[in-house]
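# Chain and residue survey
Next come the chains, spelled out residue by residue.
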Amino acid sequence: MPTPQTLYEKIWNAHVVEQRDDGTCLIFIDRHLVHEVTSPQAFEGLRVAGRRVRRPDLTLAVPDHNLPTTARLDGNGQHVPIADPESAQQLEALERNAPEFGIAYINATDIKQGIVHVVGPEQGFSLPGTTIVCGDSHTACHGGLGALAFGIGTSEVEHVLATQTLQLTRSKSMEVRVEGELGPGVSAKDVVLHITGVLGASGGTGHVIEYTGAVIRALSIEGRLTISNMAIEHGARAGLVAPDDTTFAYLKGRPMAPKGAQWDAAVAYWRSLATDTAAVYDKVVTINAADIAPSVTWGTSPEDVLPITGIVPDPSTFADPSKQEAAKKSLAYMGLTPGTAMTDIEVQNVFIGSCTNSRIEDLRAAAAILKGRKKAANVKWAIVVPGSGLVKHQAEAEGLHRIFIDAGLEWREPGCSACLGMNPDKVPAGERCASTSNRNFVGRQGPGARTHLVSPAMAAAAAVTGKLTDVRELMN
Amino acid sequence: MKPISSVIGRAYPLGLKNIDTDIIIPAAWLKTISRSGLGKGAFQSLREVSGNVFDDPAYAGAPILIAGDNFGCGSSREHAAWAMADLGISAVIAPSFSDIFSGNAFKNGLLAIVLPQDAIDRLMEVAQTDSIHIDLETQTVTTPFQDRFAFEIDPFRKHCLMNGVDEIGLTLKSSDAISTYETKISAQQPWLTPNIA
Ligand code: SF4
């Protein structure tokens, strides 16, 4: 009998091109997503060394990080120039590099354009059982489809472009099992924030995490992508959810997904990938869904998670002295006083978007709360940024954009937007933002910006009341 | 890549844990299309505080940085390694590193050395006044006070660092193995080639 294997081991073993004596493996990469920020130096490297892209057919380029999310065409259908010269330069570099190296490129005004991690699954470019890389740490997102996906640096981008492989060592495997049933108002985002709180920001270091259990099985693909997206926030190299009927139903008919007999062969293979019953993970963590409330971060690390009913912690109550120090710094940066109820914290900005929460389901969840309501007067800036042109189109077909606009929120063009302070969408220094993105690091949403990570419904609730709010109070 | 066998000199005693990539190089600096010049943006938010170690003349030009747990967590930006190299740092010593950062560091000839917290505490002390010696060949960190800490490093990485091996060039030697793999997979799983129009 073959040795029982985990999903991770099966994918890994299927991609080993060569193994060196020290255990390092040359791993074949099935899919490479390229964007404007982490690729210019890689293409420059290829050019200098006179190298070509080995498999342009497995590579897809799309701009997202720098692109402003305001209108891209003017009234006459002309391209609106990008004001920031450095952003413009990076975007032009990608626009030049993609055709020069024979790579398919989705341009900024194409309806397919969007955040790399939204575009990949949506186009059926990302598939179960594949290895997927991108020069962005939230590449783990695609693990929601059962792909082994991880972020790489620019040297590795160059390495993959030139060789379609990476030299890697095998990670350990961890199972995070979420059992039970989610309560009302609790979404995939709350699950992953809670997991990050439990594991800590480095709890998954050196591991690939497989998310299992009744809660994960019951989630839509959108929800699974949200969870796997933040695997990196608890330190994991990648996150995985075993592909199942939900996965196949999501992928079937997507433009780049296999068709006809090929589809059937693919599904049969994907079904064989599930972790064998007798397989053993290096580590197992079990989480009870009943313990998960709508969640929110209070500090500057994604592990600083509380239920919305919680109070800002007192640093002196942390056992670890370095943790105390970090908490003090976090609170000073966040402008928070220990003992404050989370629901008493006012926000001036609301951001609904990012590769964590900008898919159609996320927008529906936010719209359900905002319907017939208005944003609070103290909320100065509230934007909804769909993850792709196709998500935008779908949302408009459902009339969601009207709900957002009527509530006083701005409806934008797709891109990374205020997830990171690289494009014009930034949170002003000293102000707070209820944000559906994935990182609350110092300066992440702009210098001095104070981020509270929440789910789309919670962000919508904060927009309505002007404070961090328990979304369950706005549900009926 | 330049071969590297040892790093000797003063060390910035930073000590903080969870130094993330936004601290190492803020997002505003990512808009460059070349690898150099990022040192000016390195550790920007820390350098805004007066009395910070980076602007303390005692440590000017230090080639080593000592930090706490989980150094380099956060984004995959390789700019973090480029910024540190541009600042003149050749080695970081910490109790743990994020996986992506240690990969990026290695690829840019920046040593990421893992030592336990008590060794870090001792080195933080020494760094106040004296220099530190990292020897890659013997895998040790030593001080003028007879301290001697051994560290682990992946033998392949050690070989590449000491010989300045270009990883892409090395992999391209396996081109035939890659071709064999491609042929095998496209026969077994023909649906793997996406239909990119
Ligand atoms: S939305 Fe944020 S995390 Fe996602 S790809 Fe863009 S910058 Fe990275």
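Residues numbered from 1 in each chain as written. Chains lettered and ligands numbered in written order. Predicted model: local features only at pLDDT ≥ 70, side-chain atom pairs only at ≥ 80, totals over all residues. Heavy atoms only, no water.

## Some thoughts on the sheet that holds strand 5 (residues 104-105) of chain A
Strand order in the open sheet formed by 5 strands is 5-4-3-6-7 (chain A), and the pairing between neighbours is parallel. Two strands lie at the open edges of the sheet, namely strand 5 and strand 7 (148-151) of chain A, each paired on one side alone. (Pairing = 2+ DSSP bridges. Helix = DSSP H or I, 4+ residues; strand = E, 2+ residues; numbered from the N terminus.)

## Some thoughts on the packing of helix 2 (residues 40-49) of chain A against helix 3 (residues 85-100) of chain A
Residue and element names in this part refer to chain A. For the pair helix 2 and helix 3, the least separation of the axes is 10 Å and the interaxial angle reads 45°. With respect to each other, helix 2 and helix 3 are oriented oblique. With respect to the hand of their crossing, helix 2 and helix 3 are arranged in left-handed fashion. In this structure, helix 2 contributes Pro40, Phe43 and Arg47 to the contact, and helix 3 contributes Gln90, Leu94, Asn97 and Glu100. (Axes fitted to C-alpha atoms, helices over the stretch in contact; angles between N-to-C directions. Parallel < 35°, antiparallel > 145°, perpendicular 65-115°, else oblique. Left-handed = near helix turned anticlockwise from the far one by under 90°. Contact = heavy atoms within 4.5 Å.)

## Quick notes on the interface of chain B and chain A
Counting residues at the interface gives 52 residues for chain B, matched by 75 residues for chain A. Across the chain B to chain A interface the summed buried area is about 5200 Å²; carbon plus sulfur atoms make up 56%. Looking at the side of chain B facing chain A, the largest losses of area belong to Lys31, Ile33 and Trp191 of chain B, adding up to 16% of the total buried there. On inspection of chain B and its partner chain A, the count reaches 7 salt bridges. Linking chain B with chain A are 28 residue pairs in polar contact (both at pLDDT 80 or more), by the criterion used here. At 7 residues, helix 8 (residues 175-188) of chain B tops the list of elements feeding residues into the side of chain B that touches chain A. A breakdown of the residues in the side of chain B that touches chain A according to their chemical character gives 21 nonpolar, 18 polar and 13 charged. (Buried area = accessible area lost by both parts, 1.4 Å probe. Salt bridge = Lys/Arg side-chain N within 4 Å of Asp/Glu carboxyl O. Polar contact = N/O pair within 3.5 Å; in protein donor to acceptor, adjacent residues only side chain to side chain. Nonpolar A, V, L, I, M, F, W, Y, C, P; charged D, E, K, R; others polar.)

## Side note on the pattern of salt bridges
Residues and elements named next belong to chain A. The final tally for this structure, using the stated rule, is 34 salt bridges over all chains. A salt bridge links Lys323 to Asp304, with the nearest nitrogen and oxygen atoms 3.5 Å apart. One end of the pair, Lys323, is in helix 11 (residues 321-334); the other, Asp304, is in the loop between strand 13 (295-297) and strand 14 (305-307), and 19 residues separate them in sequence. For Asp304, a relative accessible area of 4% gives the class buried. (Buried < 20%, exposed > 50% of the residue type's maximum accessible area, 1.4 Å probe, protein only.)

## Describing the site of the ligand
All names here are of chain A. Every residue close to the ligand is listed here: His65, Ile115, His117, Asp136, His138, Ser354, Cys355, Cys416, Cys419, Leu420, Asn438 and Arg444. For the shell around the ligand, the per-class residue count stands at 5 nonpolar, 5 polar and 2 charged. Among the domains, domain 1 (7-168) and domain 3 (295-474) are the pair contributing at least three residues each to the shell around the ligand. (Near = heavy atom within 4 Å. Domains from an automatic or database assignment.)

## What to know about the domain arrangement of chain A
Residue and element names in this part refer to chain A. Partitioning chain A into structural domains gives domain 1 (7-168), domain 2 (172-242 + 271-291) and domain 3 (295-474). Placing the centre of domain 1 and that of domain 3 at their C-alpha centroids yields a distance of 28 Å. Listed by partner, the interface residues are 24 residues for domain 1 and 25 residues for domain 3. Summing the contributions of domain 1 and of domain 3, the shared interface buries around 1900 Å²; its carbon and sulfur component is 62%.

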